[in-house]
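# Working through the structure, step by step
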Amino acid sequence: MKSLSAEIKIIITLFLTICLIPLSAQESVPKSTNQATLLGLGRAFLTDTYLSPLEYSGLTMSLLHDRISPTKYFNEKLLLQQQFQIQLAFTKNPSASASEYFGEISYNINGLYSFFKNEKFQVLGGSGLDTSLGGIYNVRNSNNPGSLKTSVNLNLSAMAIYNWRRFTFRWQVSSPVVGAFFSPQYRQSYYEIFSLGNGKSTVQFASPHNQLALRNYFTVDIHLNNFTIRTGYLGDFYKTDINNIITKIVSHQFMVGLAVESLNFGGFKAKNDKKLKSSYY
């Protein structure tokens, strides 16, 4: 009986082992989501001929949340990037006799396909949707002190990532292709648009003939075991030319913040832990 009992135990053990082999073979290495929150500080240049023919310049600051997560599409080579940003600017005219204030909330989402990837280098490209809502306020003006800035665009984006020791370098450029943005007619007041309902032709079709924009984003991740410091440069150029109104918003910012993996691992540890697979590093 003891011999029979031992044989039964062996059979059960072998059966369970055989059953668990397919489960372990089907188990994929989990991919983590990389996300970072950064503070930006720099200089902004504002030109809006609806408000003033002069260029205003001054301090700008922003809060940016950048998130890159894996997807199951295209053999898991497609990444999803989301960016949410709040930006403020406090500017003055060349003689410092008047001020303009700028504020904007923007959100964009991109699908980025990995065309090439090895242990150190990765190249991605794709497209997505870019939306923004904000405006410029001129203290000196009395009749038309403000100018609404809002747009929706389909944009193209390219990204390159390079890992070197405890550093990760990333360069990304993005630009809109087609979309729509708001602009009044020349000398048309916002009272006339919103109160009297005369808002015809204020929503303009956007393409490179009347809208030019470029985002240049360069970051360096410094991996310090359990946490990662992300620092870099964010440059934004935006220009529209419609209805005899020229708008140009340019900013250059130094960015700094922390980057984390969604599984609560710092970038360096996630990069080297075989049980984890980062979608970014």
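The following paragraphs examine the structure supplied in this document. Quantities reported herein were computed from a predicted structural model and do not represent experimental measurements. (Residues numbered from 1 in each chain as written. Predicted model: local features only at pLDDT ≥ 70, side-chain atom pairs only at ≥ 80, totals over all residues. Heavy atoms only, no water.)

### So, the overall build of the protein
A count of helices and strands for the protein gives three helices and 13 strands. The long-range share in the protein, meaning contacts at least 24 apart out of those at least 6 apart in sequence, stands at 63%. Summed over its atoms, the accessible surface of the protein is roughly 15600 Å², and 65% of this surface lies on carbon and sulfur atoms. (Helix = DSSP H or I, 4+ residues; strand = E, 2+ residues; numbered from the N terminus. Contact = heavy atoms within 4.5 Å. Areas by Shrake-Rupley, 256 points an atom, 1.4 Å probe, with all protein chains shown as cover.)

### Observations concerning the environment of leucine 234
Looking at where leucine 234 falls in the secondary structure, it is placed in strand E11 (residues 227-242). Note on leucine 234: relative accessible area 0%, which makes it buried. The spatial distance from the C-alpha of leucine 234 to the C-alpha of methionine 255 is 6.9 Å, given a sequence separation of 21 residues. (Buried < 20%, exposed > 50% of the residue type's maximum accessible area, 1.4 Å probe, protein only.)

### Brief notes about the pattern of salt bridges
Inspection of the entire model under this criterion finds four salt bridges. Residues arginine 170 and aspartate 66 are paired through a salt bridge, measuring 3.0 Å at the closest nitrogen-oxygen approach. Here arginine 170 is found in strand E8 (residues 167-182), whereas its partner aspartate 66 is found in strand E3 (residues 52-70), with 104 residues between them in sequence. Given the relative accessible area of 0%, arginine 170 is considered buried. (Salt bridge = Lys/Arg side-chain N within 4 Å of Asp/Glu carboxyl O.)

### Details of unusual backbone geometry
The residue glutamate 76 is not glycine, and still its phi comes out positive at about 65°. On the accessibility criterion, glutamate 76 (39% relative accessible area) is partly exposed. Phi at asparagine 244 takes a positive value of approximately 60°, unusual for a residue other than glycine. Here asparagine 244 shows up in the loop between E11 and strand E12 (245-261).

### Some remarks on the environment of histidine 252
Mapped onto the secondary structure, histidine 252 falls in strand E12. Classification of histidine 252 as partly exposed rests on a relative accessible area of 38%. Residues histidine 252 and phenylalanine 237, spaced 15 residues apart in sequence, show a C-alpha to C-alpha distance of 9.0 Å. Among residues more than four places away in sequence, those in contact with histidine 252 are Leu41, Gly42, Arg43, Phe45, Tyr233 and Leu234. In terms of polar contacts, histidine 252 uses its side chain to reach the side chain of tyrosine 233, at 2.7 Å. (Polar contact = N/O pair within 3.5 Å; in protein donor to acceptor, adjacent residues only side chain to side chain.)

### Overview of the packing of aromatic side chains
The final tally for this structure, using the stated rule, is 10 aromatic pairs. For the ring pair phenylalanine 74 and tyrosine 113, a centre distance of 5.9 Å and an interplane angle of 80° mean the geometry is edge-to-face. Of this pair, phenylalanine 74 sits in the loop between E3 and strand E4 (78-92) while tyrosine 113 sits in strand E5 (residues 99-117); the two residues are 39 residues apart in sequence, bridging distant segments of the chain. On the basis of relative accessible area, phenylalanine 74 is assigned to the exposed category, the value being 57%. With a relative accessible area of 25%, tyrosine 113 lands in the partly exposed category. (Phe/Tyr/Trp six-rings, centres within 6.5 Å; stacked < 30°, edge-to-face > 60°.)

### Focus on a nonpolar patch on the surface
Residues Leu41, Leu59, Met61, Leu88, Phe90, Tyr101, Tyr137 and Val139 make up a contiguous nonpolar surface patch of roughly 700 Å² in combined accessible area. Mapped by element, the contributors of at least two residues to the nonpolar patch are E3 and E4. (Patch = residues over 30% accessible without salt bridge, like charges linked within 9 Å, V, L, I, M, F, W, Y side chains within 5 Å.)

### Looking at the pairing of E3
Looking along a regular strand, one sees side chains alternate from face to face of the sheet. Two elements, strand E2 (residues 34-48) and E3, share 15 bridges in a ladder whose sense is antiparallel. Following the sheet pairing, leucine 41 is matched in E3 by methionine 61. Following E2, the chain reverses through three residues before pairing antiparallel with E3. Relative to E4, E3 runs antiparallel, the two being bridged by 14 bridges. Paired with arginine 67 across the strands is glutamine 82, a residue of E4. (Pairing = 2+ DSSP bridges.)

### Description of the side chain of serine 147
Of note, serine 147 is situated in strand E7 (residues 146-164). In terms of polar contacts, serine 147 uses its side chain to reach the side chain of aspartate 48, at 2.9 Å. Leave out the neighbours within four places in its chain, and serine 147 touches Asp48, Tyr50, Leu51, Gly134, Gly135, Ile136 and Tyr190.

### A short note on the pairing of E2
As judged from the 15 bridges shared by E2 and E12, these two strands associate in the antiparallel manner. Bridging from a neighbouring strand, leucine 38 pairs with glycine 257 of E12.

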